[in-house]
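Notes for the structure review
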Amino acid sequence: MDFIKLSAEIEGRYRRYLRTTFYLRDPDLRNSFDQALQAGTLSRGPYLEVTPAYRRGQELRTLFPKIVGRTIDPKFLEAIDGHRSLYAHQEEAIKRVAAGRNIVVATGTGSGKTECFLYPILLHLVDEYMQGGGLHSKQGVRALVLYPMNALAYDQRDRLGRLHARLEESGATFRFSFGQYTGATPENRNDRYRHASDVIAHRFPGELVLRDEMRSMPPHILLTNFSMLEYQLLRPDDSPLFDDAHGQTWSFLVLDEAHQYRSTRGAEMSLLLRRLTQRLRRSGNTHSFRCIARASPEMMPIAQQLQPLQQHCSTNRSRQTT
C-alpha cells in the first residue's frame, strides 16, 4: 500500500468536499478560498504508527473444556471460531471471570475487548445448557450489557445475531436468546409508532424484538442503556424482568465504555446498579454477580474513573476487582 498516495487522495477528496459545500458566488472570495485550499495546510503527514502485536494465548477449543471440566460440543466451538488463538489478555479475562472475579478491561483499540466479556457469558450459558437443559427450562436474564448509546447496542446486536446464525449453520444444539430493549423497541406486534412489523421482519435468529415477549420470556442476554434501565426498574410492566423466578438467574453485569461514566454521571450509574442488585436480591438471587467493565485507557486513568462504579459490587467484597 502506498501510504503517501493514499494520504494525497484523502486530502484531495476533502478539498473537493469543502469546495462543493462552501461555494462562494463572489469571484474574489472564491479565488481566495481556492488558494487557501491549495496552500497545503489541510493535513500534516501522513504519520504511521506501528502497534506491537498482542501476545497470543490458548485456542478457545482448548481453553473452554479446561475451564468447565468437560467436553464441549465441537459444533459450538466451530461456530465461535474455536480454532482461533486468543490474545493473552483475553484468555486471562475469561479465566478470571470464570473464577468469579470482577474485571476491568482497558486494553488498546482493536485488542478484542468485546470478547473479554462475550466469551465468559457464552461459556456460562453453554455450561448451564450442558448441565441438563436448565438454560431453557429456567427462564430469565443471565447477562445485562449496558451501553452509553444505542448505536453501540445495535452493533452488539448484529454480532450476536451473526453468532446465532453460525450456531444454526454448524448444527450445534446449543441456542441462546438475546434482546435489545431501548426506546425504539416496539411494545407489541401492533405497535405502528415503533414500526413493529418492520422490526419483526428483520429480526435475527434467537432475537427477541418486542417488549411484551421479553417480559414473558426474558432473553438470556439483555442489551440496553442507562436511561432505559432506569425506566425498567420503575415501570410495573417491566417487573417480570427482575422479580420472582426471573430475577434469580442474573449472573453478569457488563458496563461498556465505562470511561464515559465519571463524576456525577459515574455516581448516578453506581446508584442505579446498586438499586438493580438490591432488586434482584429481593427476588431471591444469591449469585455473586460478575461485574465486567470495558473501557478505553486513552480517555482517562481507569482506576480513578471507575472508583464510583466499583461501589455497586460491594456484595462481592470477598472477590478482588482487577
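First, a word on scope: everything that follows refers to the structure included in this document. Predicted, not measured: the structure shown is a model, and the values here were computed from it.

Brief notes about the overall build of the protein chain
The number of helices and strands found in the protein chain is 13 helices and 9 strands. Based on the C-alpha atoms only, the size of the protein chain along its principal axes is roughly 75 × 50 × 45 Å. Counting all 322 residues of the protein chain, 45% fall into the buried class. Here the contacts in the protein chain between residues at least 6 apart in sequence split such that 76% fall between residues at least 24 apart.

Some points on the layout of surface pockets
Taken as a whole, the largest pocket spans an internal volume of roughly 300 Å³. Lining the largest pocket are 18 residues, with His-124, Asp-127, Glu-128, Gln-131 and Arg-290 positioned closest to its centre. Of all elements in the fold, only helix 3 (60-68), helix 5 (88-98) and helix 6 (113-130) reach the threshold of two or more residues within the lining of the largest pocket. Ranked by the residues each element gives to the lining of the largest pocket, the list is headed by helix 6, at 5 residues. Looking at side-chain class alone, the lining of the largest pocket contains 7 nonpolar, 6 polar and 5 charged residues. In this structure, the second largest pocket encloses a volume near 240 Å³. Lining the second largest pocket are 15 residues, and of these Tyr-154, Arg-157, Gln-180, Val-199 and Glu-207 lie nearest its centre. Mapped onto the lining of the second largest pocket, the elements with two or more residues apiece are helix 8 (150-170), helix 9 (196-201) and strand 6 (207-208). A per-class count over the lining of the second largest pocket returns 7 nonpolar, 4 polar and 4 charged.

Examining the environment of Arg-189
Locating Arg-189 in the fold gives a position in the loop between strand 5 (178-180) and helix 9. Separated by 64 residues in the primary sequence, Arg-189 and Leu-125 have C-alpha atoms spaced 29 Å apart. Non-local contacts of Arg-189, meaning those with residues more than four positions away in its chain, are made with Ala-196, Ile-200 and Leu-210.

Looking at unusual backbone geometry
One non-glycine residue with positive phi stands out, namely Asp-81, at about 60 degrees. Looking at where Asp-81 falls in the secondary structure, it is placed in the loop between helix 4 (74-79) and strand 2 (85-87). A positive phi angle, close to 55 degrees, is found at His-195, a residue other than glycine. Along the chain, the position of His-195 falls in the loop between strand 5 and helix 9. By relative accessible area, His-195 is classed as exposed at 54%.

Some remarks on the sheet that holds strand 5
For sheets, the rule is that strands pair by backbone hydrogen bonds, running either parallel or antiparallel. In space, the 7 strands of this open sheet follow the order 3-9-8-4-7-5-6, with parallel pairing throughout. Two strands bound the open sheet, and with one partner strand each, they are strand 3 (103-105) and strand 6. Taken together, the 4 bridges between strand 4 (residues 143-147) and strand 8 (residues 252-255) define a ladder with parallel strand orientation. Bridging from a neighbouring strand, Leu-146 pairs with Leu-255 of strand 8.

Thoughts on the packing of aromatic side chains
Using the criterion set out here, one finds 8 aromatic pairs in the structure. Between the aromatic rings of Tyr-129 and Phe-174, the centroid separation amounts to 5.7 Å while the plane-to-plane angle is 65 degrees, which identifies the pairing as edge-to-face. A residue pair is termed long-range when its members are at least 10 positions apart, and Tyr-129 in helix 6 and Phe-174 in the loop between helix 8 and strand 5 qualify at 45 residues.

Cut-off values and rules
Residues numbered from 1 in each chain as written. Predicted model: local features only at pLDDT ≥ 70, side-chain atom pairs only at ≥ 80, totals over all residues. Heavy atoms only, no water. Helix = DSSP H or I, 4+ residues; strand = E, 2+ residues; numbered from the N terminus. Buried < 20%, exposed > 50% of the residue type's maximum accessible area, 1.4 Å probe, protein only. Contact = heavy atoms within 4.5 Å. 1 Å grid on protein atoms, 1.4 Å probe; cavity = no way out; pocket = protein on both sides within 12 Å on 5 of 7 lines; lining within 4 Å. Points joined across faces, edges and corners; volume = space filled by probe spheres on them. Nonpolar A, V, L, I, M, F, W, Y, C, P; charged D, E, K, R; others polar. Pairing = 2+ DSSP bridges. Phe/Tyr/Trp six-rings, centres within 6.5 Å; stacked < 30°, edge-to-face > 60°.

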